[in-house]
Amino acid sequence: MICVDLFVFAHAYIDLTTLSIVPTITGGQVYHYPSFSLERGDGDRLRFDLKRHLTRPHGYDAVMRVRSSKGLVPYEYLGNFASPNNADLEMAGVDCDKAIVVMLKHDDKLEDKSEPTLQAAMLYTTVEGQEGSEFTQSHSRPVLFLPPCLKARISILLYPFMLDKLLEKYLTTIFHLSKIRS
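Let me sum up the structure you'll find in this document. These figures come from a predicted structure and were not determined experimentally. (Residues numbered from 1 in each chain as written. Predicted model: local features only at pLDDT ≥ 70, side-chain atom pairs only at ≥ 80, totals over all residues. Heavy atoms only, no water.)

**Some thoughts on the overall build of the protein chain**
The helix and strand tally for the protein chain stands at 5 helices and 8 strands. Intrachain contacts of the protein chain at a sequence separation of at least 6 include 64% that bridge at least 24 residues. When the accessible area of the protein chain is evaluated, it comes to approximately 13,100 Å², of which 60% is carbon and sulfur surface. (Helix = DSSP H or I, 4+ residues; strand = E, 2+ residues; numbered from the N terminus. Contact = heavy atoms within 4.5 Å. Areas by Shrake-Rupley, 256 points an atom, 1.4 Å probe, with all protein chains shown as cover.)

Written as structure tokens, this is what we have:
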């Protein structure tokens, strides 16, 4: 597996949407500098981005699995990765700036006295070739009422991910392979 990071210095139109597919599915990132100019201060931004990109903690060939307690089922994942099956997420590259959203489905009654649990485990290879692992576990109590300010913050946080998923479904419907061939 390879991880592709893309640095784009375009002075004319470039189809960045099409080009960004490769970094998206390989766990990479797109750095876009429209009409790059040293006089405008783009050199400082490039220097900062390069330094951050080369010095941040990074892992390769990562595999992640998410489990949950009875009553909750992870049914969809959003982020920059490939998912060969519904249980594992494979990422050619992962770093401390990546985010993965796990969509949970409530499919059974939650036990009254217990707190639902969500576990995520990731195995990866470090830059030095060592095997690394990360594990996180979260407990939370179900609530019947969310304050309006918390509802607004949750919707603002999830809006980009939901929009991305909507666009992905729309584009795969329009550009379905069988429609392109005919």
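**Details of the packing of aromatic side chains**
Counting across every chain of the model gives 4 aromatic pairs. Summarising the aromatic geometry, the rings of Phe7 and Tyr31 are spaced 4.4 Å apart at their centres and angled 10 degrees between planes, so their arrangement reads as stacked. Here Phe7, found in strand E1 (residues 6–8), pairs with Tyr31, found in strand E2 (residues 30–32); they are 24 residues apart in sequence, far enough to count as distant. Given the relative accessible area of 26%, Phe7 is considered partly exposed. Overall, Tyr31 belongs to the buried group, its relative accessible area being 6%. Between Phe9 and Tyr33, the ring centres sit 5.1 Å apart and the planes meet at 10 degrees, which makes this aromatic pair stacked. (Phe/Tyr/Trp six-rings, centres within 6.5 Å; stacked < 30°, edge-to-face > 60°. Buried < 20%, exposed > 50% of the residue type's maximum accessible area, 1.4 Å probe, protein only.)

**Focus: unusual backbone geometry**
Here Ser35, not a glycine, exhibits a phi torsion of approximately 50 degrees, which is positive. With respect to the element layout, Ser35 can be found in the loop between E2 and helix H3 (42–55). A relative accessible area of 34% places Ser35 in the partly exposed class.

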